[in-house]
There are 2 protein chains.
Amino acid sequence: MHTIAETDADRLTRMLGADMVLTGPDTAPYCRDWFGDAQGAALAVLRPRDTAQVQDCVRAAAALDLGIVPQGGNTGLVLGAMPDSGQVVLSLERMTRIRALDADNFSAVVEAGTILHDLKQAAAARGLFFPLTLGAQGSCRIGGNVSTNAGGVNVLRYGMTRELVLGLEVVLPDGRVLDLLSGLRKDNRGIDLKQLFIGAEGTLGIITAVAVKLTPAPDRVATALVALPRLEDAITLYRRARRECCDLMSAFEFMPPLAFTLAREARPDLTLPMADTHPAYALIEISGSGLVDIDDLMARFLEGVFADGLALDGVVAQSQAQAAALWAVREGMNEGQARRGRHLRSDVSVPLSRLAEFVAEVEAAVTAQLPGCTCVSYGHVGDGNVHLNVLPDHALGPDSVDDQIARAKGILHQVLDRFGGSISAEHGIGRLKKVDFEARLPAPQRALLEAIKQAIDPGRIMNPGCQFDPVAG
Amino acid sequence: MHTIAETDADRLTRMLGADMVLTGPDTAPYCRDWFGDAQGAALAVLRPRDTAQVQDCVRAAAALDLGIVPQGGNTGLVLGAMPDSGQVVLSLERMTRIRALDADNFSAVVEAGTILHDLKQAAAARGLFFPLTLGAQGSCRIGGNVSTNAGGVNVLRYGMTRELVLGLEVVLPDGRVLDLLSGLRKDNRGIDLKQLFIGAEGTLGIITAVAVKLTPAPDRVATALVALPRLEDAITLYRRARRECCDLMSAFEFMPPLAFTLAREARPDLTLPMADTHPAYALIEISGSGLVDIDDLMARFLEGVFADGLALDGVVAQSQAQAAALWAVREGMNEGQARRGRHLRSDVSVPLSRLAEFVAEVEAAVTAQLPGCTCVSYGHVGDGNVHLNVLPDHALGPDSVDDQIARAKGILHQVLDRFGGSISAEHGIGRLKKVDFEARLPAPQRALLEAIKQAIDPGRIMNPGCQFDPVAG
């Protein structure tokens, strides 16, 4: 008779019960990234149903000295929730309760596994609005949104996720619960501990519930697409729109000449709203509730813009369907890039005042040094955030594609560093950008991050390998 | 011949130079609080002229093991910058440069000693607006505003100071400079270290410069005073105003029946805008720029309010002078309270949905248990923030006044704790609220605060005695 040694996976199952622990092939779906580009592995996946069970999971993993990778919808784009084979995933997917929705306080308390779309729907049912708006909103979970401090198209009006958070409940690496779930809209009692966990990507603790701000639902939305002579003109237009539209803009996206072509490659049936030969496009959304006539505001704004000769062409959506068609160009452009195969995706920011200059410099350098490559620059003008992507020439073969992507990234970062920009405007660091992040981390910042990590997670069990590698404590 | 032993003050003068160090009677103005209620003492006052000199000061104080009390305008209301006789004040008052104002990026970088009013003026000169609006804005300094995460009347539209900060420069307790001065509007590189120093009241480091967000100047402002049957109606009106005015409200203050009486006691010449016998008043400001007709918006909003019978009376300012006269009631009410002698001042918050109930409960309990006392409750409705003040019966003599204030505070806190409220909605903790703060601090929060303090300021030299007393490390 053989004695089979108990594995760590067996031990977790014994300690936490079979209902809570997935092992073997069942772990595979939790170890793939959103793009399908990366595949990890996990020792086990833990799926607690409430905060007390999260505490149990943390204590069990700590007892076995296993790294814990917290995971929400796993839709992040920087491998923040990607485990390695010696780690356990702690999925919040079973914690989806809306604990409270206080319409009269414009707030809600939801568990971390709540899907963003569900939170938005619950708010809408009470005439309210949760502003975070992302492509992944049907799959991403609010705990992940908070852990990554997610951005999206509405940041210019409502801020990053950080600005939408009123409170947090966090399970700490020692298994204790930090209850910072106050739904108070104004609370200034000293150091604001919750801020540490927003954007920490699970490296300091596990967010189990979130108190969020809600706003009145913007029941009127006006959407327009404007063609412009240059990217610079989009920035000029943005500044003018902020002032003239009284900060009621909820989105201002710029798109390059290739936008329509890429969108049609992905969606051949797409009706083009205007000629596809203009040098730059801006997609503008103004929204509001109540007594302000949003359609009239958009009409008068554009009237002035055309009277002053700033725009080449323009279309205002006359219905929700038409508005959706304008956004379809933006979304189709993304899908079209994916269809062209592997490429450099980036998520950088520079001061708005230097955005056009920055994009021109990078595109010129890429074109000069990598003549077969195509630049696709688009993004959130108001935030100085550009997704400056580079599509390699795939005819040259896969090795060349890798080389072109690496060289394009080098060119981009060189210019970015000169402009004092950020390598991650909205996506976070995760594992994908760790090396580039650490390479740019000044010594005092690094020392402070190390000290905080040591103070909160001395056992280094929270999401090891994510964001930065602390020197052994 | 006598040898006179060198004191720490002498040593500081020798190390830093006479230009930088005040000692003896010259330190007195830095040791008095804003109200004149409290008087401290300091071993010396250090007045650096730039960041490098702040580093020198920190290193000198650390070498002598002296606690450092960073000080801006010293207008905080909770004794956050009040030294004791063994400590040195580090005043930022000489660091007042506006290092950069990038109108095209809607941002500025200013030194910590810049007076808030000067920053607002510099922004205005470029057609921009720095939203922080406080009674003390002619004296308070931006570094102090950030260190205390100051609130003010515009929070409902623009957020607390935290939400106006793009970046910080901080001198750490070890003398190193943490340069987080990015003017990027969107930058999501992991844990956001600057958040730790916002609201820390100088207990973790010294803020030496701040990058701030600016917005388009709201060149149209509509101001109205509305009389209402009850405080509850003010809250109903606020909710309606948020929706109908499309989040363009910049202030919504409520005032009690006694407001006019108190204002007239302080400013006898004040013209009353309406009868002084209404049960509640709301002061409403809507503001914006560009194409939205703000006056028309206010007119249509109030038209609906009166048509629905929600208000008893209303006045809309027809000029800037009239608007100033409406605000004068609000300011005069504060001055009137001061004239009635020492009283309980509070700065609490509860969920907006329970604000009216909370105020009613406290006022009823105070009236029942302290029949000679008068409650004056006013504040920022939108934030659930009420300054629920209690004026004692001074006829009963000073000992009784102390007793009444202490008992009123006990009643207030008892109800507040039951409502899950905050003892400091906007003023911070400082030294004044330390005991009340520590008494309500759950063990995991306390442990985390201690760990962070130990990690960043192991020598305990930063503002000892402020916020909480860490267990000796």
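A quick note: this is a predicted structure, and the numbers were derived from the prediction, not measured.

**Quick look at the domain arrangement of chain A**
Residues and elements named next belong to chain A.
- Domain boundaries in chain A define domain 1 (9-91), domain 2 (98-216), domain 3 (218-339) and domain 4 (340-427).
- Contact residues are listed per partner, giving 7 residues for domain 2 and 13 residues for domain 3.
- The contact between domain 2 and domain 3 buries some 730 Å² in all, and 57% of this surface belongs to carbon and sulfur atoms.
- Contact with domain 3 buries area across many residues of domain 2, yet V153, L156 and R157 alone supply 72% of it, more than any other trio.

**Considering the relation of the copies chain A and chain B**
- It takes a turn of 180° to lay chain A on chain B, together with a shift of 0.0 Å along the axis; the resulting RMSD is 0.0 Å. Seen this way, the second copy is the image of the first under a two-fold rotation axis.
- Mapped onto chain B, 100% of the interface residues of chain A are again interface residues, and the two copies thus contact each other with one and the same surface.

**Things to note about the packing of helix 7 (residues 231-244) of chain A against helix 9 (residues 294-307) of chain A**
All names here are of chain A.
- Two numbers describe how helix 7 lies on helix 9: the axes approach to 11 Å, and their chain directions differ by 135°. Taken together, the axis directions place helix 7 and helix 9 in an arrangement best described as oblique. Helix 7 and helix 9 meet at a crossing whose hand is right-handed. Note on element contacts: helix 9 touches helix 7 through L297, F301, G304 and V305, opposite L237, R240, A241 and E244.
- Its residues assigned to classes, the contact of helix 7 with helix 9 comprises 5 nonpolar, 1 polar and 2 charged.

**A look at the side chain of Q337 of chain B**
Residues and elements named next belong to chain B.
- Among the structural elements, Q337 can be located in helix 10 (residues 320-339).
- What makes Q337 buried here is its relative accessible area of 1%.
- Of the polar contacts made by the side chain of Q337, one reaches the side chain of N389; its length is 2.8 Å.
- Setting aside its immediate chain neighbours within four residues, Q337 contacts L262, H343, V376, Y378, N389 and L391.

**Side note on the pairing of strand 5 (residues 98-102) of chain B**
- Bridge count for strand 5 of chain B against strand 6 (residues 107-111) of chain B is 4 bridges, and the pairing is antiparallel. Bridged to D102 of chain B within strand 6 of chain B is S107 of chain B.

**Considerations on the pattern of salt bridges**
- Under the defined criterion, the tally for this structure stands at 80 salt bridges over all chains.
- Between R189 of chain A and D187 of chain A there is a salt bridge, with the nearest N and O atoms lying 2.8 Å from each other.
- The shortest N-O distance in the salt bridge between R99 of chain B and E111 of chain B comes to 3.5 Å. Separated by 12 residues along the polypeptide, R99 of chain B in strand 5 and E111 of chain B in strand 6 bring together distant segments of the chain.

**Focus: helix 14 (residues 443-456) of chain B**
- With 14 residues, helix 14 of chain B should reach 20 Å at 1.5 Å per residue; the first-to-last C-alpha distance of 20 Å fits that figure.
- Of the residues making up helix 14 of chain B, those classed as buried are P444, Q445, L448, L449, E450, A451, I452, K453 and I456 of chain B.

**Quick look at the sheet that holds strand 13 (residues 249-255) of chain B**
- Taken in spatial order, the 7 strands of this open sheet run 15-12-14-13-17-18-16 (chain B), and their pairing is antiparallel. Looking along the sheet, the strands with just one partner apiece sit at the ends: strand 15 (313-316) and strand 16 (348-349) of chain B.

**Some thoughts on the sheet that holds strand 3 (residues 68-71) of chain B**
Residue and element names in this part refer to chain B.
- Read across the sheet, 4 strands follow the order 1-2-4-3 without closing on themselves; strand pairing throughout is mixed. Only two strands of the sheet have a single neighbouring strand rather than two, namely strand 1 (21-22) and strand 3.
- Inspection of the sheet shows strand 1 paired to strand 2 (residues 44-46) by 2 bridges, in the antiparallel sense. Across the sheet, the residue bridging to V21 is L46, located in strand 2.
- Sheet strands touched by helix 2 (residues 51-63): strand 2, strand 3 and strand 4 (88-91). Its angle to strand 4, the strand with the most contacts, is close to 170°.

**As for the interface of chain A and chain B**
- Listed by partner, the interface residues are 91 residues for chain A and 92 residues for chain B.
- A buried area of about 7200 Å², summed over both sides, lies between chain A and chain B, and 61% of it is on carbon and sulfur atoms.
- On the chain A side of the interface with chain B, the three residues burying the most area are K186, N188 and L291 of chain A, jointly 13% of the side's total.
- Linking chain A with chain B are 10 salt bridges.
- The salt bridge partner of K213 of chain A is E163 of chain B, with a shortest N-O separation of 3.5 Å.
- In this assembly, chain A and chain B are joined by 36 residue pairs in polar contact (both at pLDDT 80 or more).
- Put simply, the parts of the chain that give the side of chain A that touches chain B at least two residues each are helix 5 (155-158), strand 9 (177-180), helix 6 (194-197), strand 11 (215-216), helix 7, strand 14 (280-288), helix 9 and helix 14 (443-456) of chain A.
- No other element matches the 10 residues that helix 14 of chain A contributes to the side of chain A that touches chain B.
- Of the residues contributing to the side of chain A that touches chain B, the split by class is 41 nonpolar, 29 polar and 21 charged.

Cut-offs applied
- Residues numbered from 1 in each chain as written.
- Chains lettered and ligands numbered in written order.
- Predicted model: local features only at pLDDT ≥ 70, side-chain atom pairs only at ≥ 80, totals over all residues.
- Heavy atoms only, no water.
- Domains from an automatic or database assignment.
- Contact = heavy atoms within 4.5 Å.
- Buried area = accessible area lost by both parts, 1.4 Å probe.
- Least-squares fit on C-alpha atoms with pLDDT ≥ 70 in both.
- Axes fitted to C-alpha atoms, helices over the stretch in contact; angles between N-to-C directions.
- Helix = DSSP H or I, 4+ residues; strand = E, 2+ residues; numbered from the N terminus.
- Parallel < 35°, antiparallel > 145°, perpendicular 65-115°, else oblique.
- Left-handed = near helix turned anticlockwise from the far one by under 90°.
- Nonpolar A, V, L, I, M, F, W, Y, C, P; charged D, E, K, R; others polar.
- Buried < 20%, exposed > 50% of the residue type's maximum accessible area, 1.4 Å probe, protein only.
- Polar contact = N/O pair within 3.5 Å; in protein donor to acceptor, adjacent residues only side chain to side chain.
- Pairing = 2+ DSSP bridges.
- Salt bridge = Lys/Arg side-chain N within 4 Å of Asp/Glu carboxyl O.
- Expected span 1.5 Å × (residues − 1).

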